[in-house]
Amino acid sequence: MTLSSKKRSPRFRFRDKLRFVPTPRLAAWLAAGAPVAAGMYAVEPTAGAVVFWAWNGVLAAFSVLDLLTLPTLSALRAEREAPDQVDLGRPFTVKVTVRIADDWLPRGWRIEDDLPATFVPEPSYLPTSSAIAGGSAAITVPYAVRPKERGRYTLSTVFVRLLGSYGLWQRQAHLPCEQDIRVLPDVSGVRGMLASMQRSLILDGKRVYRRSMTGTDFQGIREYTPDDDSRAINWSATARTLSTKVNVYQPERGKIVTLLIDCGRLMGVELEGQTKLDRSLEAALTLAAVALQRGDQVAALTFSGRLTSYVPPGKGMAHLQTIIDAVYDVKSDAAESNYAQALSHIARVQKKRSLLVLFTDMENALFESELAPYLIRLRRSHPVLMLTLQDPVLYE
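What you see is a predicted model; the values in this text were computed from it and never measured.

Scoring rules and cut-offs
Residues numbered from 1 in each chain as written. Predicted model: local features only at pLDDT ≥ 70, side-chain atom pairs only at ≥ 80, totals over all residues. Heavy atoms only, no water. Axes fitted to C-alpha atoms, helices over the stretch in contact; angles between N-to-C directions. Helix = DSSP H or I, 4+ residues; strand = E, 2+ residues; numbered from the N terminus. Parallel < 35°, antiparallel > 145°, perpendicular 65-115°, else oblique. Left-handed = near helix turned anticlockwise from the far one by under 90°. Contact = heavy atoms within 4.5 Å. Nonpolar A, V, L, I, M, F, W, Y, C, P; charged D, E, K, R; others polar. Core = buried A, V, L, I, M, F, W, Y, C linked by side-chain atoms within 4.5 Å. Buried < 20%, exposed > 50% of the residue type's maximum accessible area, 1.4 Å probe, protein only. Patch = residues over 30% accessible without salt bridge, like charges linked within 9 Å, V, L, I, M, F, W, Y side chains within 5 Å. Areas by Shrake-Rupley, 256 points an atom, 1.4 Å probe, with all protein chains shown as cover. Salt bridge = Lys/Arg side-chain N within 4 Å of Asp/Glu carboxyl O. Pairing = 2+ DSSP bridges. pLDDT = per-residue confidence, 0-100. Expected span 1.5 Å × (residues − 1).

**Things to note about the packing of helix α2 (residues 24-43) against helix α3 (residues 45-69)**
Helix-helix packing is characterised by the crossing angle of the two axes and by the distance between the axes.
Here is step 1 of the chain: Remark: α2 packs on α3, axes separated minimally by 6 Å, with the N-to-C direction vectors making an angle of 165 degrees. With respect to α3, the element α2 is oriented roughly antiparallel. The two elements α2 and α3 meet at a crossing, and its hand is right-handed. Here Leu 26, Trp 29, Leu 30, Ala 32, Gly 33, Val 36, Ala 37, Met 40, Tyr 41 and Val 43 of α2 lie close against α3, whose contacting residues are Pro 45, Ala 47, Gly 48, Ala 49, Val 51, Phe 52, Trp 55, Asn 56, Leu 59 and Ser 63.
Here is step 2 of the chain: Residue classes in the contact of α2 with α3 are distributed as 16 nonpolar, 4 polar and no charged.

**A few points about the nonpolar core**
Here is step 1 of the chain: If you look at the biggest cluster of nonpolar residues, it comprises 28 residues, and the most contacted ones within it are Phe 92, Val 94, Ile 111, Ile 139, Val 158, Leu 162 and Leu 175.
Here is step 2 of the chain: Contributions of two or more residues to this core are made by β2 (76-81), β4 (92-100), β5 (108-113), β8 (136-147), β9 (151-163) and β10 (169-184).
Here is step 3 of the chain: Dropping the residues within four chain positions of it, Ile 139 is found in contact with Val 96, Thr 97, Val 98, Ile 100, Leu 105, Pro 106, Trp 109, Ile 111, Thr 128, Ser 129, Ser 130 and Leu 162.
Here is step 4 of the chain: With 26 residues, the next largest nonpolar core counts Leu 292, Val 311, Ile 323 and Tyr 328 among its residues.

**Side note on a nonpolar patch on the surface**
Here is step 1 of the chain: Taken together, the side chains of Val 58, Phe 62, Val 64, Leu 65, Leu 68 and Tyr 166 make up a nonpolar region of the molecular surface, amounting to roughly 550 Å² of accessible area.
Here is step 2 of the chain: Residue position: Leu 65 is located in helix α3.

**Considerations on the sheet that holds strand β21 (residues 384-387)**
What holds strands together in a sheet is hydrogen bonding between their backbones, with the strands either parallel or antiparallel.
Here is step 1 of the chain: Spatially, β19-β18-β15-β20-β21 is the arrangement adopted by the 5 strands of the open sheet, whose pairing is mixed. Strands with a single pairing partner mark the edges of an open sheet, and in this sheet they are β19 (307-314) and β21. Strand-to-strand twist across the sheet, computed as the mean angle between neighbouring axes with direction ignored, equals 15 degrees.
Here is step 2 of the chain: Sheet analysis places strand β20 (residues 354-359) next to β21, joined by 4 bridges and oriented parallel. When the bridges of β21 are listed, Phe 359 appears paired with Leu 387.
Here is step 3 of the chain: Each of β15 (256-262), β18 (297-303), β19 and β20 touches helix α6 (residues 276-293); the most contacted strand, β15, lies at about 175 degrees to it.
Here is step 4 of the chain: On top of the sheet, helix α8 (residues 339-349) reaches β15, β18, β19 and β20; it is set at about 25 degrees to β19, its chief contact.

**So, the confidence of the model for the chain**
Here is step 1 of the chain: Of the residues in the chain, 84% reach a pLDDT of 70 or more, and the chain-wide mean stands at 82.
Here is step 2 of the chain: No element of the chain has a lower mean pLDDT than strand β11 (residues 200-203), which averages 46, and none a higher one than β18, which averages 94.
Here is step 3 of the chain: Between residues 1-8, whose pLDDT stays under 50, and residues either more than four places distant or in other chains, the model counts 17 contacts.
Here is step 4 of the chain: With pLDDT under 50 throughout, residues 200-204 is counted as low confidence; its partners more than four residues away or in other chains account for 8 contacts.

**Let's talk about α3**
Here is step 1 of the chain: Taking 1.5 Å per residue as the helical rise, α3 with its 25 residues ought to reach 36 Å, and the 36 Å between its terminal C-alpha atoms agrees with that figure.
Here is step 2 of the chain: The elements touched by buried residues of α3 are α2 and β10.

Written as structure tokens, this is what we have:
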């Protein structure tokens, strides 16, 4: 059996007060005996009563036997195998295992997980497995699910119904199995960007280098290629190795990039299945990954009507995880964005020259009376870049 994909909550379907649940099969047997007893009662009342009590007595006896085969609550235990963190919108697999401290497998079962409303079950054909080993039985139910919103979610309970040997009654249980899952912004684009940042490739046995931006910082020495500038030839290294060598320069590193992410009311507008805030976070993390890979420092600030998080400048790819941990669960709220407070905070804490990248809704920012004066003031010490997502509905 697989997990149900019904929209009703498992907590509603698996009522807390019920420990044993009758099955449709029991109801069918009861219904089948009613016309027989009624027919006999119409012909002979005494015979009808005997048939009625005999029929129900047999069902009661089999019900008792069925209930005795069901395990006790103390014999049941639930385990869940799921990743601690996943990407937004990317399906992942969860395995729920119910262990029974007895060498008995139920005739049937129904197992559901305590999924948040933002976790959408995906169609899957993952097989259910059951086995008896070491005096205990185990039932494993895998399923696929896709998260629709970022944040931290707690899966606390596994809901179980086990069918007895005669199929008349089910044991219902709520088994504690707590686990936290963090839904992060989709960073698959970050991984792809970093993977594409190779400096050279091998073609016909020869190393071909990417033409990079010119700079003033010395990076190293490499073999000369026909497209290299002859002014970059290192004659000393050429004389020592008897092969033409060139100096390689790179853009200046160690600069500071500050990401300002607006989480105000307008950033909650949905575009093509994602909110503006979600897309802005993905773009911001991609920019942060490239800057950190190049040796720059990155700071991040999120704000709406108030400051929600701030990560001071740091360098190294480990700092990217620090930024993700700080911003992965930010939400857009109903408050208007307080640009004055955010930019004043940056002007106060960021004394060194920094590239400020503001992710916001330009349709609102262009009419924000407080934004322009602060941007003019900040431009004296920090270059400012504003990025926005264009709503196609407004430009049709």
